[in-house]
Amino acid sequence: QERSLELWDLGIRELTGHNIEAAGREEVNKMLRKGWILLHIYTLKYKEDGTWRERPMAILGKTAR
């Protein structure tokens, strides 16, 4: 039987958003090895110099443990 947890049941004490393009991916991998939890991946869309751009982003959480 599959069990799901509510976000607040995870005991998240700290949140951060991080770029997961090539350079940022290694930092996110280090954070995951240190116990951070990957909560969500999304695409940030923003306008820069008149051009719409997209950047893959991750939201990570850290528990009190």
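Summarised in this report is the structure supplied together with it. Treat the numbers as computed from the prediction; the structure is a model and nothing was measured.

Rules used throughout
- Residues numbered from 1 in each chain as written.
- Predicted model: local features only at pLDDT ≥ 70, side-chain atom pairs only at ≥ 80, totals over all residues.
- Heavy atoms only, no water.
- Helix = DSSP H or I, 4+ residues; strand = E, 2+ residues; numbered from the N terminus.
- Contact = heavy atoms within 4.5 Å.
- Expected span 1.5 Å × (residues − 1).
- Buried < 20%, exposed > 50% of the residue type's maximum accessible area, 1.4 Å probe, protein only.
- Arc of directions from axis to C-beta.
- Core = buried A, V, L, I, M, F, W, Y, C linked by side-chain atoms within 4.5 Å.

To continue, consider the environment of threonine 43. For threonine 43, the location among the structural elements is in strand β2 (residues 37-48). The sequence separation of threonine 43 and threonine 63 amounts to 20 residues, and the corresponding C-alpha distance is 24 Å. Apart from residues lying up to four places away in sequence, threonine 43 is in contact with Glu54 and Arg55.

Helix length check: helix α1 (residues 22-33) (12 residues) gives 17 Å between terminal C-alpha atoms against 16 Å at 1.5 Å per residue, within 8%. Those residues of α1 not exposed but buried are Gly24, Val28 and Met31. Along α1, the residues classed as buried sweep out an arc of 55° about the axis, all on the same side. Pointing more than 90 degrees away from the buried face of α1 are the exposed residues Ala22, Ala23 and Arg33. In this structure, the buried side of α1 is in contact with β1 (12-19) and β3 (51-63). Trailing α1 by a residue or two, glycine 35 shows a phi angle of about 105°, which is positive.

This part covers the nonpolar core. In globular proteins that are soluble, nonpolar side chains generally tend to be buried together. In terms of nonpolar packing, the biggest core is built from 6 residues, these being Ile20, Val28, Met31, Trp36, Ala58 and Leu60. Elements with a contribution of two residues or more to this core: α1 and β3. Dropping the residues within four chain positions of it, alanine 58 is found in contact with Thr16, Gly17, His18, Ile20, Leu38, His40, Ile41 and Tyr42.

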